[in-house]
Amino acid sequence: MIRLENIHFQYPKREALFSDLKLHVPRGQWVSIVGPNGSGKSTLVKLVNGLLSPDSGTIHIDGTLLDGESVSDIRRRTGYLFQNPDNQFIATTVRDDIAFGMENRCVPRADMKQRIDAIAEQLGISEWLNRHPASLSGGQKQRVAIAGLLVLNPEIMIWDEATSMLDERSKQDMLLRLRHLHKNQGLTILSVTHDAEEILASDRAVVIRNGVIAADMSPIQLFEDRNLAWECRLQPPFSLALSLELREKGMDIGLHHHEEELMRALWPSLHVNK
Amino acid sequence: MDERMVMGRYVAAQSWVHQLDPRAKLTAMVLFLIAVICADYSLELAVITAFSLVILMTSGIPLRRYGRASKPLWPLMAFMFLFYVLFEHNGDVWLSIGSFTVTSEGVLLGLYAVWRMLLLVCFTSILTFTTTPIELNLGLEAVLKPLKLIGVSPQQWTMMITIALRFIPTIFEEANKILKAQASRGADYEDLKLKEKGKLVVTLLVPVTVGAFRRAEELVMAMESRGYVLDAKRTSLRYLTWQGTDTLFILLFIVLTAGMIIL
Amino acid sequence: MAIVTCEQISYQYAKASIHQPLALIDVSLRLEQGKFYAIVGATGSGKSTLLQHLNGIYQPTKGKLQVYDVVFAAGAKVKGLKPLRSRVGLVFQFPEQQLFEETVEKDLMFGPIQFGADEQQARAAAVEALLAVGLDEAFMARSPFELSGGQMRKVAIATVLASNPELIVLDEPTATLDPVSRTELIALLKRLCVEQGRTIVMVTHRLDEVLAAADEFILMQQGAVTYTGTRADLIRSPHLLQAADIVVPNEMKLAHEISERLGIVVDELPSGIEGWADWLIHNSDAASKAVDRYATDSSASQQEQTDKASPRGMTESDEKGE
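Predicted model only: the values in this text are computed from it and were never measured.

A. Local environment of the domain arrangement of chain A. All names here are of chain A. Partitioning chain A into domains gives domain 1 (2-229) and domain 2 (237-274). Computed over C-alpha atoms only, the centres of domain 1 and domain 2 are separated by 35 Å. Counting from both sides, the interface comprises 7 residues of domain 1 and, opposite them, 9 residues of domain 2. The interface formed by domain 1 and domain 2 contains 3 salt bridges. Glu248 is the salt-bridge partner of Arg226, the closest N and O atoms lying 3.4 Å from each other.

B. Region of interest: the interface of chain C and chain A. Opposite the 49 residues of chain C that make contact, chain A presents 38 residues. Of the roughly 4300 Å² buried between chain C and chain A on both sides combined, carbon and sulfur atoms contribute 62%. Per-residue buried area on chain C facing chain A is highest for C:Val180, C:Val247 and C:Ile273; these three make up 13% of the total on that side. Taken together, the links from chain C to chain A amount to 5 salt bridges. Among the salt bridges present, the one from A:Glu168 reaches C:Arg206, with a minimum N-O distance of 3.3 Å. Counting across the interface, chain C meets chain A through 8 residue pairs in polar contact (both at pLDDT 80 or more). Elements with a contribution of two residues or more to the side of chain C that touches chain A: α6 (179-196), α10 (250-262), α11 (273-282), α12 (291-307) and α13 (312-321) of chain C. Broken down by class, the residue content of the side of chain C that touches chain A amounts to 18 nonpolar, 18 polar and 13 charged.

C. Main features of the interface of chain A and chain B. Contact residues are listed per partner, giving 37 residues for chain A and 28 residues for chain B. Carbon and sulfur atoms make up 55% of the area that chain A and chain B hide from each other, which totals about 3000 Å². When residues of chain A are sorted by the area they lose upon contact with chain B, A:Asn87, A:Ile90 and A:Arg109 head the list and together hold 21% of the total. Here A:Glu103 makes a salt bridge to B:Arg234, at a shortest N to O gap of 3.1 Å. Remark: the boundary between chain A and chain B carries 15 residue pairs in polar contact (both at pLDDT 80 or more). The element best represented in the side of chain A that touches chain B is helix α3 (residues 94-104) of chain A, accounting for 10 residues. Each residue belonging to the side of chain A that touches chain B can be placed in one class, and the counts come to 17 nonpolar, 10 polar and 10 charged.

The rules behind the values
- Residues numbered from 1 in each chain as written.
- Chains lettered and ligands numbered in written order.
- Predicted model: local features only at pLDDT ≥ 70, side-chain atom pairs only at ≥ 80, totals over all residues.
- Heavy atoms only, no water.
- Domains from an automatic or database assignment.
- Contact = heavy atoms within 4.5 Å.
- Salt bridge = Lys/Arg side-chain N within 4 Å of Asp/Glu carboxyl O.
- Buried area = accessible area lost by both parts, 1.4 Å probe.
- Polar contact = N/O pair within 3.5 Å; in protein donor to acceptor, adjacent residues only side chain to side chain.
- Helix = DSSP H or I, 4+ residues; strand = E, 2+ residues; numbered from the N terminus.
- Nonpolar A, V, L, I, M, F, W, Y, C, P; charged D, E, K, R; others polar.

Shown next, in the form of structure tokens:
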């Protein structure tokens, strides 16, 4: 449903970032976009949302070519969540902010009110509707931002380092929401992230390097390739790192990224050698 | 963070002035301004004062608050008074030292100027004390609509105000943090000499400006991605309702202002 | 020797705040010279407020706090804190957002000059600080605003190191960094602590990243300190972490489980990936000579273990080992 073909992109006065980049993402897939710093991960997802335009090449979203005419509709269909929860709030109350996207699309007032109430209920943020965004915590702000996107019924969710400024609890909460959106609402997800848990929960890892897609693999394969993972500034979570290390040292108990699984695999052979 | 940075000068209360449409209040303020400028006898000013006092006292906000609101302008008022006293030479001479003469007319005009100023300050305070920033902004957009005819976009202005209201708390918080960080690096504002204080302002301004630009850049992107197009047609969740009391309120001011112009 | 002593300090914000009040309630602590402390707490637990007490940005509204030779008693505002602040380096959250000079060099020299160093001394301190964070001298002439995010963070930390503080206090220094940079930064702090004898106090909400590095852990919850102690004691009390809304690291879960099942004291368990791998290999069939003999047994015990995760499995394993 997302098709990028022959994409060339260059920021003014800098070297070409993408030369002949190509990416297909089928409907309903959850893709983690990873790569070294400055490889253009964020640029790539901005192209999909029409925030940046390629110098050449085409982008199709569900068969629609992204151009000046379709960009408004494509932006509605591709909800974009930014890294800094502070800098994506426009209004002075949560309610007005959720309304912002709908106001821009001339949704009638009565309809807006009803949709705000429904989405607030769904995300459990009804209590905050009259608060000033500055009074919310980072995790709460991101939840409100998600509400502002979901209220427009997008088919694709783009997360651009959306959890990197959050504490661990909020991050877990966000990951849970992402799983839900993927599984129950069938959203296609593109996520630029360094979070190992999130990458492992996704369907596919796409590595951007030197202007092209350098690797396209399953998340677990990405972490198995230690050099590649390190180059993408990633570290496997503890359990997976430990099972990789054990395998390297000749004790293969399989690869596990859940602590319970690891324990179950370790247990039979474990005893104390004094 | 200070509550005031979010709510401006709004003071929550249940009074008829709070219930008024911000458009009515804004229009009334313009009429009031004209009335105050046109009033040039003490009787006229007394009428306006009585009129304002009635509104002030029924606004559900203690009069002390209005007094405090005018405080920052006291030096300006003092200056205006002195200006008239020293440069107006008509009327009876009350005092003469060298080339300076103080005349009855000068004192009178000075007093009038201060009086007018006080009236204006109190009345703008009524507006800002009884109207939330969101309402004020909506009212402004509506009142400024005619500007569209001369090619100025009130939507742009009000969006700018909205964003300012949204970011003032964040930027203050950031500035406060930078100030603390510089204090930790040995430059404590409280301990510095005047000359060094100037230098410290630079250490504050650079990061705050850089931060504001970074925020602005990201915000523009966030707004675009959510479908905002400058000056495109859009609907609004908020709306204002004009009621009978609003018409009555405006009528009162028209009568007052007309009276001042005719007399 | 204790360099910081908090005796039941409380802090109450004066103004009406739209945030939840991040006050401190009855905090008592002792920090020793040369150790690595991790203050762990959820958002709004008061950890930043506590941190800013260590160089007198905030001063307690109740109780008594002593940092080196400066005593803060409730109600008596202490001024002229320059000497203290030259000994206590405080790195705020996102310190790269506080850089302001045209060159890295000038920014690094700002602190030392404020604290009374001359140009030459300040420049020497700047170079040393830059090297300490793993950047070379070529960075001195560059503008801090053209560096990458990770580099800016390092320079910003160096601006505090340049004043040669004995106690370095950092508020979530790893926030928003990528995992590799995070590990590198913690390693850097550990080096400053071990090799140069500086005391490190670091605030974080991620226990996993400091688990191996920190000597002492201070757990905060709603303005109060609910735990202070070593890693081993912390592993023994996961309920404290849950109460403080801290995600329990998988390494801790593993340590806890192995200690319970095998009856090993937590203090004897390893830390870090390599440490664990070596320990596990040493303490498993892979290490014993007669691997074959246990192959069948082990699948049997796996069966039993999935049926009922009983503590009896532990004794069995123990017996097998001997």
